[in-house]
Amino acid sequence: MMKMKSCRLMNGLKTIGKITSLAMLTVCCFSSCNKNFERVLTEDYGESGTNYQQGKVLLILVDGAAGKAVQQAVNTAQAPRIRGLIDNSMYTFEGLADSRTNLSNISNERGWANLLTGVTTHEVGETKEDLEDLATPTFLSLLKTSPKQISSNLFSANQHIVSALEGDVDRGDRLTNDAAVTDALIDQISNTSEEIPDISIAQLEGVQKSGSAEGFYDDAGIPKANVIEAIHIVDGQIGAMVDALRERPNFAKENWLVIVTSNYGGVYTGDKEEGDFYDDPERNTFTLLYSPRLTSSLLQPQAAEIRYNYFSPWYSGTGGTDNAIVKDATLFNMGSRSSDTTSYTIQFMIYDTWPNAGDGHTILSKRPRVNNGPGWNIRMNSSGGNVAVNFEGNSAWGGENWYQIRKNNPWRVYTYVYKECGEIDSLFCYLDGVEFRRERLWNDEMRNDEPLTIGKIEGSNYGLNGHFFVNNVQFYDVALPADYLAANYCKTGLDKIDGFEYWDNLLGYWPNDREIDHGGTILPDYSKYGSVYGGENAGRSDMVLTNPIWETGSMLDPNVCPNPDDAFFREVFNTVDLPVQIMAWLGISVDRQWQLEGLGWPLRYRVLTN
C-alpha cells in the first residue's frame with residue numbers, strides 16, 4: 001500500500017506557463033474544436049466543409065513501459081524516434097496509470113482497463129482479473145453510439161486484448177508478434193485505395209515480455225538494461241509507423257493525432273517506500289500526443305508543497321469560542337492506571353496567534369476542573385505560553401513543555417502517549433514527533449464523568465486574552481510508536497487515507513478544519529466510530545461548540561502535511577484521460593451518462609504562416 005509521505009507533497013495547481021502560441025479550447029468546448037483548429041492553420045490543413053475536419057487517431061500502446069524507463073532511453077539515445085516526436089508533442093514521463101485507487105499493486109490488466117474504459121470502476125485488478133470481464137464499457141463501444149459512425153481497427157499479438165475488444169472494433173487482427181503488428185499497421189496506412197479508419201490501434205508488448213522474463217527494475221529501483229533495450233526496439237517500430245503515416249498523400253489534411261502511451265510501469269518486486277502515487281513505479285507511465293502542428297510541452301508535477309486550508313473555531317479567555325464538548329461524557333475514559341491495561345495516545349495541533357506571553361488556557365481535558373480531581377488536562381502554562389499536561393495525583397506541571405508556541409509561531413503538534421508498562425505506567429510526551437519528556441503515572445485515576453473538552457473547563461482563566469486553534473484532535477486506544485510519530489506526526493485528513501494503519505484504534509477524530517462544518521455548532525467525529533461514517537458512537541461522540549467563533553486560513557507549514565487533492569495527481573496525463581482526449585480530437589461530445597473520469601487537455605499549437 002502506498003501511503004502519503006509526511007512532507008513530500010506538491011502543489012495541486014497546474015501551471016503550464018505563458019506561451020506565445022495559440023491554445024485549444026478546453027474539453028467542454030471540444031464539440032466545435034475543429035473549427036478552432038482551422039482558425040490557426042493554413043489551407044494545407046483543410047478547409048471548412050472538407051472531409052478532413054473530423055481528424056484521425058493513431059494510438060500506439062506499449063505495455064509495461066514506465067515513464068522513467070522511456071526517459072532513460074531518450075536521454076541515452078536509445079529512443080531517437082520518440083525523441084524526434086517530442087519537438088511537436090505534449091508529453092510526460094511522469095504519467096499515472098491510476099490515481100483514484102489505493103491498490104497495493106497495479107497490474108498490466110488494470111492499466112489496460114483504465115486506459116480502455118476511461119474509468120477506474122471497471123473492477124479489473126480488484127474483484128476481477130481478466131479484461132474480458134470489464135464491468136464498464138470501453139470508450140470504443142461508446143463511440144459506436146455516436147452518429148458520426150466512428151470506425152476503428154486493432155492490431156495486437158495479445159489474444160486477451162483482441163478478445164476483449166472483439167465486439168468494439170470494426171477489425172481486430174491477432175498477429176504473431178510486435179514486428180507483425182507493425183507490418184500490418186503499415187500495410188493499412190499505406191493502402192490509399194481504401195478508407196482508413198478513424199482510430200487505428202497498435203499494441204506492442206515487447207517491453208512487457210522482456211520485463212516479465214528478466215525483470216523490470218534492479219534492486220535500486222532503476223529500470224533494467226533489458227527494458228531499455230526493449231524500448232529501443234519498440235522505438236524503431238514506432239518510428240516506422242509514423243514514417244508510413246507521414247507518407248500518406250493527404251497526411252496533413254487528414255488531421256492526425258498520434259498517441260504513444262504505456263498502460264502501467266511494469267512489475268515492481270521491491271519494497272515500496274512511503275510516498276505518493278508519483279513514487280509508485282507500477283503507476284508510472286509515459287504518454288506523448290504528437291501532431292506536426294503542436295509545440296513541445298512537457299507536463300510534470302509542480303515541486304511545491306500543498307497548502308493547509310482550515311475552517312476552524314478559535315478559542316480564547318474572552319472573545320473567542322468558549323469550548324467544544326463531547327456529547328456523551330462516558331466516552332474516551334482511560335480508567336485507573338493501576339487496573340487499566342490499555343495504552344492510549346492523544347494528539348492535536350495548536351496554532352496560537354496571540355502576540356503576548358502569559359495567559360494560561362485549557363487546551364484539551366477530561367477532568368472536572370483544572371489541575372484537580374480524577375482525569376487529566378492539557379493547558380498552557382501562563383509562564384510564556386508553554387504547554388503542560390496534568391493528571392490526577394500530580395498537582396505540579398507534569399510533562400511541562402518549555403518550547404514556546406506563542407508569538408505567531410506556526411502549528412505545533414503535541415502527542416501524549418499513556419503507555420501500559422506493567423507495575424508502573426508511563427506518560428511519553430512528544431512535540432512535533434520528537435520525545436521531550438517522560439513521566440511515571442503510578443496509580444493515577446483517569447476515569448470520570450466529565451466530557452472530553454476543547455477549551456474552557458472549571459478553573460480555566462476566563463478573563464485572559466488569547467487566540468488559538470486546536471485542530472486534528474485524535475484519541476487512540478494504542479500507544480503509537482516513536483518511529484511512527486517521527487515520520488507521521490504531521491498527517492492530517494486521516495479518514496481520507498485508505499489503509500490508514502491505526503484506523504481501527506482511532507476511537508475519536510475531530511479534524512476541526514473542514515469547510516463543510518464551517519459556521520455550525522457541531523464538530524463531527526470523523527473516526528470510523530463517529531457520526532460521519534455511521535459508527536457505533538454516532539450522535540454521541542460529536543463535539544458541541546459553545547459560542548463558536550470561526551475563522552479561515554491557508555498556509556504552508558512544515559508541521560502540517562495535508563493530503564493531496566485530486567488536482568495534485570492531474571498535473572500530468574492519467575491513462576483515463578486518453579479516451580476523452582481521443583473523443584475531443586474526433587469532435588465527439590462526451591455524454592455525462594458515460595461518467596468518464598478523464599480530462600481533456602488543451603493542446604498548444606504553432607501559428608503557421610503562408
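All values reported here derive from a predicted model rather than from experimental measurement.

Novice: Before we go on, may I ask you to explain the nonpolar core in this structure?
Specialist: When a protein is soluble and globular, its nonpolar side chains tend to lie buried together. Ile60, Ile238 and Leu288 are the most contacted members of the largest nonpolar core, which has 52 residues in total. Ranked by residues supplied to this core, first place goes to helix α9 (residues 225-246) with 10 residues. Among residues more than four places away in sequence, those in contact with isoleucine 238 are Ile60, Val62, Ile82, Leu85, Leu204 and Val260. With 49 residues, the next largest nonpolar core counts Trp112, Val162, Leu299 and Val580 among its residues.

Novice: In this structure, what is going on with the pairing of strand β23 (residues 543-546)? I would like to understand it.
Specialist: Across the two faces of β23 the burial differs, with Met543 and Leu545 buried and Val544 and Thr546 not buried at all. The pairing of strand β11 (residues 323-326) with β23 spans four bridges and is classified as antiparallel. Considered in β23, the bridge of asparagine 323 is made with threonine 546.

Novice: Would you explain the sheet that holds strand β5 (residues 171-174) in this entry?
Specialist: Pairing between the strands of a sheet is mediated by backbone hydrogen bonds and can be parallel or antiparallel. Across the sheet, eight strands lie side by side as β5-β4-β6-β2-β7-β8-β3-β9; this open sheet has mixed pairing. At either end of the open sheet lies a strand with only one pairing partner, and these are β5 and β9 (297-298). Note that strand β3 (residues 89-96) and strand β8 (residues 284-290) share six bridges and pair antiparallel. What sits directly across from glycine 95, in β8, is threonine 285. With respect to the sheet, helix α11 (residues 577-585) is in contact with β2 (56-62), β6 (199-204), β7 (256-262) and β8, its orientation differing from that of β7 by roughly 175 degrees.

Novice: Can you help me understand the confidence of the model for the protein in this one?
Specialist: Low pLDDT means the predicted coordinates in that region are not meant to be read closely. For the protein, per-residue confidence averages 82 on the pLDDT scale, and residues scoring 70 or more make up 81% of the total. A low-confidence stretch, residues 395-399 (pLDDT under 50), is modelled with 18 contacts involving residues beyond four sequence positions or located in other chains.

Novice: Any chance you could explain the side chain of arginine 110 here in plain terms?
Specialist: Examined against the element boundaries, arginine 110 turns out to sit in helix α4 (residues 108-117). With residues near it in sequence (within four places) discarded, arginine 110 still touches Asp98, Thr101, Leu103, Thr120, His122, Val124, Gly125 and Glu126.

Novice: Honestly, unusual backbone geometry in this entry has me stumped. Any pointers?
Specialist: What you tend to see is this: most non-glycine residues have negative phi, and most peptide bonds are trans. The backbone phi angle of asparagine 472 is positive, close to 55 degrees, even though this residue is not glycine. Note on asparagine 472: relative accessible area 1%, which makes it buried. Not every positive phi belongs to a glycine, and glutamine 595 is a case in point at roughly 55 degrees. Mapped onto the elements, glutamine 595 comes out in the loop between α11 and β25 (604-605).

Novice: Where do I start with the environment of phenylalanine 569 in this structure?
Specialist: Tracing the chain through its elements places phenylalanine 569 in the loop between β24 (550-555) and α11. Residues phenylalanine 569 and arginine 100, spaced 469 residues apart in sequence, show a C-alpha to C-alpha distance of 9.0 Å. In this view, phenylalanine 569 contacts Leu96, Ser99, Asp276, Phe277, Tyr278, Pro564 and Asn574; residues no more than four positions away in its chain are not counted.

Novice: Teacher, can you tell me more about helix α7 (residues 178-190) here?
Specialist: Given 3.6 residues to a turn, an α-helix orients residues that are three or four positions apart in the same direction. Counted at 1.5 Å a residue, the expected span for α7 with its 13 residues is 18 Å, and the 18 Å between its end C-alpha atoms agrees. Turning to α7, its buried residues number three or more, namely Asp178, Ala180, Val181, Thr182, Ala184, Leu185, Ile186, Gln188 and Ile189.

Novice: So what exactly am I meant to see when it comes to the packing of helix α8 (residues 206-214) against α9 here?
Specialist: Two quantities define a packed helix pair, namely the angle between the axes and the distance from one axis to the other. Two elements in contact, α8 and α9, have axes whose closest approach is 8 Å; the angle formed by their N-to-C orientations is 165 degrees. By the angle class used here, α8 and α9 are roughly antiparallel. You can see that α8 and α9 cross each other, and the crossing is right-handed. Contact residues: α8 offers Gly206, Val207, Ser210, Gly211 and Glu214, while α9 offers Asn226, Val227, Ala230, Ile231 and Val234. Its residues assigned to classes, the contact of α8 with α9 comprises five nonpolar, four polar and one charged.

Novice: Sorry, what's going on with the state of the cysteines here?
Specialist: Two cysteines form a disulfide when their sulfur atoms are joined by a covalent bond. Counted by the stated rule, this structure contains one disulfide. Disulfide pairing is shown between cysteine 490 and cysteine 561; the S-S distance is 2.2 Å. Handedness of the cysteine 490-cysteine 561 disulfide follows from its S-S torsion of about -85 degrees: it is left-handed. Note that cysteine 490 is positioned in the loop between α10 (482-488) and β21 (506-510) and cysteine 561 in the loop between β24 and α11, a separation of 71 residues in sequence. With a relative accessible area of 0%, cysteine 490 lands in the buried category.

Novice: How do you make sense of the pattern of salt bridges when you look at a structure like this?
Specialist: Proximity of charged atoms lets side chains of opposite charge pair with each other. Inspection of every chain in the model, using the stated rule, returns 21 salt bridges. For glutamate 254, the salt bridge is made with arginine 248, and the minimal N-O distance between the two is 2.7 Å. The same class applies to glutamate 254 as to arginine 248, namely buried. We note a salt bridge from glutamate 458 to arginine 369, for which the minimum N-O separation is 3.0 Å. Taken together, the residues glutamate 458 in the loop between β19 (453-455) and β20 (468-476) and arginine 369 in the loop between β13 (362-366) and β14 (376-381) connect sequence positions 89 residues apart. Overlapping salt bridges, with partners in common, bring together Asp98, Arg110, Asp280 and Arg283 in one network.

Novice: Can you walk me through the packing of aromatic side chains in this structure?
Specialist: Between two aromatic rings, the relevant description is the distance of the centres plus the angle of the planes. A complete count under the given rule lists 19 aromatic pairs for this structure. Ring plane angle 75 degrees and centroid distance 5.4 Å describe the contact between tyrosine 217 and tyrosine 268, whose orientation is recorded as edge-to-face. Residue tyrosine 217 is located in the loop between α8 and α9, and its partner tyrosine 268 is located in the loop between β7 and β8; the two are separated by 51 residues in the primary sequence. Given the relative accessible area of 14%, tyrosine 268 is considered buried. Judged by centre distance (4.9 Å) and plane angle (70 degrees), the ring pair of tyrosine 484 and tyrosine 502 falls under edge-to-face. Placement of tyrosine 484 in helix α10 and of tyrosine 502 in the loop between α10 and β21 is noted, with a sequence separation of 18 residues between them. In this structure, tyrosine 484 and tyrosine 502 share a single accessibility class: buried. Three or more aromatic residues joined by ring pairs form one cluster here, namely Tyr308, Tyr310, Tyr351, Trp411 and Phe469. Lysine 419 extends its terminal NZ or CZ atom over the ring of phenylalanine 428, reaching a point 5.6 Å from the ring centre.

Calculation criteria
- Residues numbered from 1 in each chain as written.
- Predicted model: local features only at pLDDT ≥ 70, side-chain atom pairs only at ≥ 80, totals over all residues.
- Heavy atoms only, no water.
- Core = buried A, V, L, I, M, F, W, Y, C linked by side-chain atoms within 4.5 Å.
- Buried < 20%, exposed > 50% of the residue type's maximum accessible area, 1.4 Å probe, protein only.
- Helix = DSSP H or I, 4+ residues; strand = E, 2+ residues; numbered from the N terminus.
- Contact = heavy atoms within 4.5 Å.
- Pairing = 2+ DSSP bridges.
- Axes fitted to C-alpha atoms, helices over the stretch in contact; angles between N-to-C directions.
- pLDDT = per-residue confidence, 0-100.
- Expected span 1.5 Å × (residues − 1).
- Parallel < 35°, antiparallel > 145°, perpendicular 65-115°, else oblique.
- Left-handed = near helix turned anticlockwise from the far one by under 90°.
- Nonpolar A, V, L, I, M, F, W, Y, C, P; charged D, E, K, R; others polar.
- Disulfide = S-S within 2.5 Å.
- Salt bridge = Lys/Arg side-chain N within 4 Å of Asp/Glu carboxyl O.
- Phe/Tyr/Trp six-rings, centres within 6.5 Å; stacked < 30°, edge-to-face > 60°.
- Lys NZ or Arg CZ within 6 Å of the ring centre and 35° of its normal.

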